[in-house]
Amino acid sequence: MTVNQASAQVKEQGVIPKPFKVQKTNAVFSFTPSTGITLQAGIDTANLTFFNRYFHSLAGYGLPIIKTAASITLNIDSTKVPQPEGYILSVTSKQVSITGHDQAGVFYGLQSLIQLLHPSNGKITVQGCTIEDHPRFAYRGMHLDVSRHFFKVDAIKKWIDLLALYKINTFHWHLTDDQGWRIEIKKYPLLQSISAYRDETIIGHKKDSPHRFDGKRYGGYYTQDEVKAVVKYAMDRHISIIPEIEMPGHALAALAAYPQLGCTGGPYKTATFWGIFDDVYCAGNEETFTFLQNVLDEVLPLFPSKYIHIGGDECPKTKWKTCAKCQQRIKDEHLKDEHELQSYFIGRMEKYLNSKGRQIIGWDEILEGGLTPGATVMSWTGEEGGIAAAKQHHDAIMTPEKYVYLDYYQSLYPSEPLAGGGYTPLSKVYNYEPITPELGGDEAKYIKGVQANAWSEYMDSPGVAERQLFPRMLALAEIAWTDKESKDYAGFLKRLRYEQPLLKRLNVNAADVFDEITD
Ligand code: TNX
């Protein structure tokens, strides 16, 4: 690289998600092994962990924390920065200072600084600038399905670092489904020995034969100690983890171990292929509720999150229709039909979770048969669920599959690996707007934010998942963080290009589906 190219790159280097306000100057700050960091009293050093680790890998030396005023200073001042999670980052030739509204703000200032570090000829510099920044939405979520394919703790931690780098503050961990139960529940050991595994490993992820099996048992689960470690790791990075325990549908793996919880009594097997299955938890059986409450009793202490996700999607009513116990329940509770039975089911679990101080989130099918009182709706089948929820003054999170399902195809190249059925290229994700015109001013405030989902049917390793999720996750980050008026796709593509070396250094297997980049 020539000197001119290098300086052009520094100038173009940007931050994703795009900050609220950026002013660049011609000053340049240069790091040296004697550059120190001073933290205002009370600032958690955990905020620095990822920055320091990354800086060390880049520079070959670390930046010491020192007591006396150093050239890098971190402060908290909520008068100077009134917006929660906001920060001001200022870089002059002598000084880098980050002032956060709160700990998260300081942390996000450091994430921006990471993206602005410019390594060249053995030196690391940052171009002079003042960045004033804060998020548009309080809920900025990414989901990962670990049931269809299991990702080990190390992969999850790497994932969390990447979420944090792009200022995503919620990780929705989809822990149970038909194809595998992935969280240790001590009271129910068969969830570990039976539900966590399926008889076959699906191979042949080819478009012509998506379901070929190799006859090998497949699975795994997280121990409670591992879960605790991951939750702490995420908290240190200002990420709240919302666990999802699916009910009443997508329950086949649990039924394989405890067949008495299904309407027919089984036998059942953990699913070895994808889809929607008719066998679901029996809503007429008291033992179902006891089981799920006992499961939640072990889940809650592991996750301090305000929300618990209880699924609620894609629950066929076929078995409930012919189940004597379910029909009895419909009569006893004066319900109209099986849809109201689903609402009864969700309502009962909501009451239980409320009694433990938590709130539920459910997929938009929880609107069927009436929304339970404090439920937050995650709108996935479209935007209608979220709109309906907001109109009923319920909180909603927008995650419509048409725009933000990252398991769908990102390009139409014939060489694109097998993916989910839809098409959500980078531009479509980027241009998604979560506040629809149907929502009046007062209703819009119920849209708490936006999330992209990563279903793992066709992501059978972290490398494949990364290729599928990057760079589209960065587009999601920008929808969630950046003001609507400041969004600009052409500028995003430019910043993305300068982001590629960073993603490479972080060992992220990002797709190079940049066919829309024209300059
Ligand atoms: C629908 S989105 C599902 C998942 C699948 C996904 C595939 C939702 C709540 N349910 O079970 O994995 O489609 O895109």
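Residues numbered from 1 in each chain as written. Predicted model: local features only at pLDDT ≥ 70, side-chain atom pairs only at ≥ 80, totals over all residues.

A word on the overall build of the chain
Inference 1: Secondary structure assignment for the chain yields 18 helices and 23 strands.
Inference 2: Computed over its C-alpha atoms, the radius of gyration of the chain comes to 24 Å, within 12% of the 24 Å expected for a compact globule of 519 residues.
Inference 3: Considering only C-alpha atoms, the chain reaches an extent of 75 × 50 × 45 Å along its principal axes.
Inference 4: Within the chain, buried positions represent 49% of all 519 residues.
Inference 5: A separation of at least 24 residues holds for 71% of the contacts in the chain among residues at least 6 apart in sequence. (Helix = DSSP H or I, 4+ residues; strand = E, 2+ residues; numbered from the N terminus. Rg over C-alpha atoms; globule rule 2.2 N^0.38 Å. Buried ≥ 20, exposed ≤ 12 C-beta atoms within 10 Å, placed from the backbone. Contact = placed C-beta atoms within 7 Å.)

Quick notes on the site of the ligand
Inference 1: Surveying the vicinity of the ligand reveals the residues Asp313, Glu314, Trp363, Trp380, Tyr405, Asp407, Gly420, Trp455 and Glu457.
Inference 2: Considered class by class, the residues forming the shell around the ligand number four nonpolar, one polar and four charged. (Near = placed C-beta within 6 Å. Nonpolar A, V, L, I, M, F, W, Y, C, P; charged D, E, K, R; others polar.)

A word on the nonpolar core
Inference 1: If you look at the biggest cluster of nonpolar residues, it comprises 148 residues, and the most contacted ones within it are Leu163, Tyr166, Ala254, Met473, Leu476 and Ala477.
Inference 2: Both domain 1 (3-133) and domain 2 (139-311 + 350-505) contribute no fewer than three residues apiece to this core.
Inference 3: Apart from the residues within four sequence positions on either side, alanine 477 is in contact with Ile16, Pro17, Tyr166, Lys167 and Ile168. (Core = buried A, V, L, I, M, F, W, Y, C linked by C-beta atoms within 7 Å. Domains from an automatic or database assignment.)

Quick look at unusual backbone geometry
Inference 1: Between isoleucine 16 and proline 17 the backbone carries a cis peptide bond, its omega angle lying at -5°.
Inference 2: Cis geometry is adopted by the peptide bond preceding proline 248, which originates at methionine 247 and carries an omega value of -15°.
Inference 3: By the secondary structure assignment, proline 248 is in the loop between β16 (240-247) and α7 (252-257).
Inference 4: Positive phi values are uncommon outside glycine, yet lysine 167 reaches one of about 65°.
Inference 5: By the secondary structure assignment, lysine 167 is in the loop between α4 (153-165) and β9 (170-174).
Inference 6: By the C-beta count within 10 Å, which is 26 here, lysine 167 ends up buried.

Section: the confidence of the model for the chain
Low pLDDT marks stretches whose predicted atomic positions should not be read closely.
Inference 1: Considering every residue of the chain, the mean pLDDT works out to 93; 94% of them sit at 70 or more.
Inference 2: Reported for the predicted complex are a pTM of 0.95 and an ipTM of 0.92. (pLDDT = per-residue confidence, 0-100.)

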